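This is what each chain is made of:
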Amino acid sequence: MDFKVAVIPGDYIGPEIVEQAQKVLDHVGKKFGHSFNYVEVDMGGVSIDKHGVPLTDEALETAKSSDAVLMGSIGGRVGVDSWYQLPPHLRPEAGLLAIRKGLGLYANLRPAYLYKELNSACPLKESVAEAGFDMIIVRELTGGLYFGERKTEEIDGVMTAIDTLKYTEDEIRRIAIKGFEIAMKRRKHVISVDKANVLDSSRLWRKIVEEVAKDYPEVTLEHMLVDNCAMQLVKDPAQFDVVITENMFGDILSDEASMITGSIGMLSSASLGAGKFGLYEPSHGSAPDIAGQNKANPIATILSAAMMLRYSFDLDKEADAIEAAVQKVLEDNIRTVDIMSEGMQLVGCKEMGDCICDRI
Ligand code: NAD
């Protein structure tokens, strides 16, 4: 099959890591008989330098007309890069917000997987790390507290701030469907996280999630209060498969879940919109401190490309092949500097890409 992929290399280590992900995709394509046609899109600092804005309308149109978007990372150093002397709506990060909005991406997927070869980086106690974990947090991205009405005003001489947490049943239904669809490709267990003992929005959340669950009889559904979920993530992370939750809870819980893996260079992510379309990117930033030195770990971007194959193109076998190759590289004691430990073989960004290709 043929796929059109919009590629956003971005800033600093962005181009280095995206190059490795494309190399791996091409390798998989050759092996399984697919071709990936790339069209490069400027975004972030590089777009400001070339076009004066972090994302042009043409760039957004190119992304929209592709089958999926693969991104490196954007942004630079505040106080150092001239991009940050511009007003906020013209800075690199504004490009990211604009593309997410322009592409209608409403579901954010953050997997947290603990490789047994890296479990010494896990900050949890040894017995918990040894049990391992493999979860994916599906966070609603465009509703809730971050997008509700807000104001700060003086009422009877007292400064008062108000934020509004609003969800419609349609917004809940579409994210719940994404969560259950993802669970069907995994261990078929959904934990829906809310605060239904207090919040009306959570009570509606729970009701709609239960309605959606009826269409997925193979998937087991459990509800968990958000405060309990925060505790369970550090006490027994192995119990989680797919977590679905609203925007702010997901923001906090997905960072907690990433932290317990201990390895930022390994964490992929995806943002999905209607249908199969999605934008895939590593969870980390543009790492200006190591850019241009062939030191960046490309694995998070390579695993993001694997997610693209699985969730946008339904190429599950091909995604499995990439994930297995990453696993094999770790078993073979090959490491980039961020995950290096004694007795391992240190390689650069490019060599890590080659080693993964060799194992596909
Ligand atoms: P960062 O994630 O770029 O770096 C934090 C630390 O982790 C650094 O020491 C870096 O060297 C290391 N690191 C990150 N990715 C790595 C990799 N693949 N391999 C090896 N080491 C890696 O976070 P930061 O320094 O706070 O942010 C730098 C820039 O990235 C900022 O402009 C920020 O706004 C931007 N950012 C962009 C995105 C995105 O594009 N979605 C996400 C987060 C941050």
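Student: How should the site of the ligand be read in this particular structure?
Tutor: Not every one of the 21 residues close to the ligand is listed here, only the nearest: G76, E93, G285, A287 and D289. Here a nitrogen atom of the ligand sits 2.9 Å away from a polar atom, N or O, in the side chain of E281. Contact between the ligand and A287: an oxygen atom at 2.8 Å from a main-chain N or O atom of the residue. The fraction of the free accessible surface of the ligand (820 Å²) that becomes covered by protein chains is 69%. When contributions to the shell around the ligand are tallied by element, the ones reaching two or more residues are β3 (68–73) and α4 (92–102). Considering only residue class, the shell around the ligand consists of ten nonpolar, seven polar and four charged.

Student: Would you mind showing me how to read unusual backbone geometry here?
Tutor: Leave glycine aside and you will find that most residues have negative phi; peptide bonds, for their part, are mostly trans. Positive phi values are uncommon outside glycine, yet Y12 reaches one of about 45°. Phi angles above zero are rare outside glycine, and N294 is one such case at about 55°.

Student: Teacher, can you tell me more about α4 here?
Tutor: Each full turn of the α-helix corresponds to 3.6 residues, which orients residues three or four apart in the same direction. Burial in α4 covers these residues: P92, A94, G95, L96 and I99. At its buried positions, α4 is contacted by β1 (2–10), α2 (45–51), α3 (57–64), β3 and β12 (278–282). G104, located one to two residues past α4, shows a positive phi value of around 65°.

Student: Would you mind showing me how to read the sheet that holds strand β8 (residues 189–194) here?
Tutor: Here we have ten strands laid out as an open sheet, ordered β2-β1-β3-β12-β11-β4-β5-β10-β8-β9, and mixed in their pairing. On the outer flanks of this sheet lie β2 (35–40) and β9 (220–225), each paired with one strand and no other. Between one strand axis and the next, the sheet turns through 25° on average, direction left out of account. The pairing of β1 with β3 spans five bridges and is parallel. Following the sheet pairing, G10 is matched in β3 by S73. Together, β5 (134–140), β8, β9 and β10 (242–245) form the strand contacts of helix α7 (residues 200–213), whose direction differs from that of β9 by roughly 170°. The sheet contacts of helix α9 (residues 247–259) involve β4 (107–113), β5, β8 and β10, and relative to β5 the element is tilted by about 155°.

Student: So what exactly am I meant to see when it comes to the environment of I182 here?
Tutor: Position of I182 among the secondary structure elements: in helix α6 (residues 169–184). When neighbours within four sequence positions are excluded, I182 is seen to be in contact with L109, I136, V138, V242 and Y311.

Student: In this structure, what is going on with the nonpolar core? I would like to understand it.
Tutor: One recurring pattern in soluble globular proteins is that nonpolar side chains are buried together. In this structure, L109, F180, Y280, L309, F313 and I356 are the most contacted members of the largest nonpolar core, which totals 65 residues. Ranked by the residues each element gives to this core, the list is headed by helix α10 (residues 299–312), at nine residues. Those residues within four positions of F313 in sequence are excluded, and the remaining contacts are F3, V5, F36, D67, A68 and M308.

Reading the values: the criteria
Residues numbered from 1 in each chain as written. Predicted model: local features only at pLDDT ≥ 70, side-chain atom pairs only at ≥ 80, totals over all residues. Heavy atoms only, no water. Near = heavy atom within 4 Å. Polar contact = N/O pair within 3.5 Å; in protein donor to acceptor, adjacent residues only side chain to side chain. Areas by Shrake-Rupley, 256 points an atom, 1.4 Å probe, with all protein chains shown as cover. Helix = DSSP H or I, 4+ residues; strand = E, 2+ residues; numbered from the N terminus. Nonpolar A, V, L, I, M, F, W, Y, C, P; charged D, E, K, R; others polar. Buried < 20%, exposed > 50% of the residue type's maximum accessible area, 1.4 Å probe, protein only. Contact = heavy atoms within 4.5 Å. Pairing = 2+ DSSP bridges. Axes fitted to C-alpha atoms, helices over the stretch in contact; angles between N-to-C directions. Core = buried A, V, L, I, M, F, W, Y, C linked by side-chain atoms within 4.5 Å.

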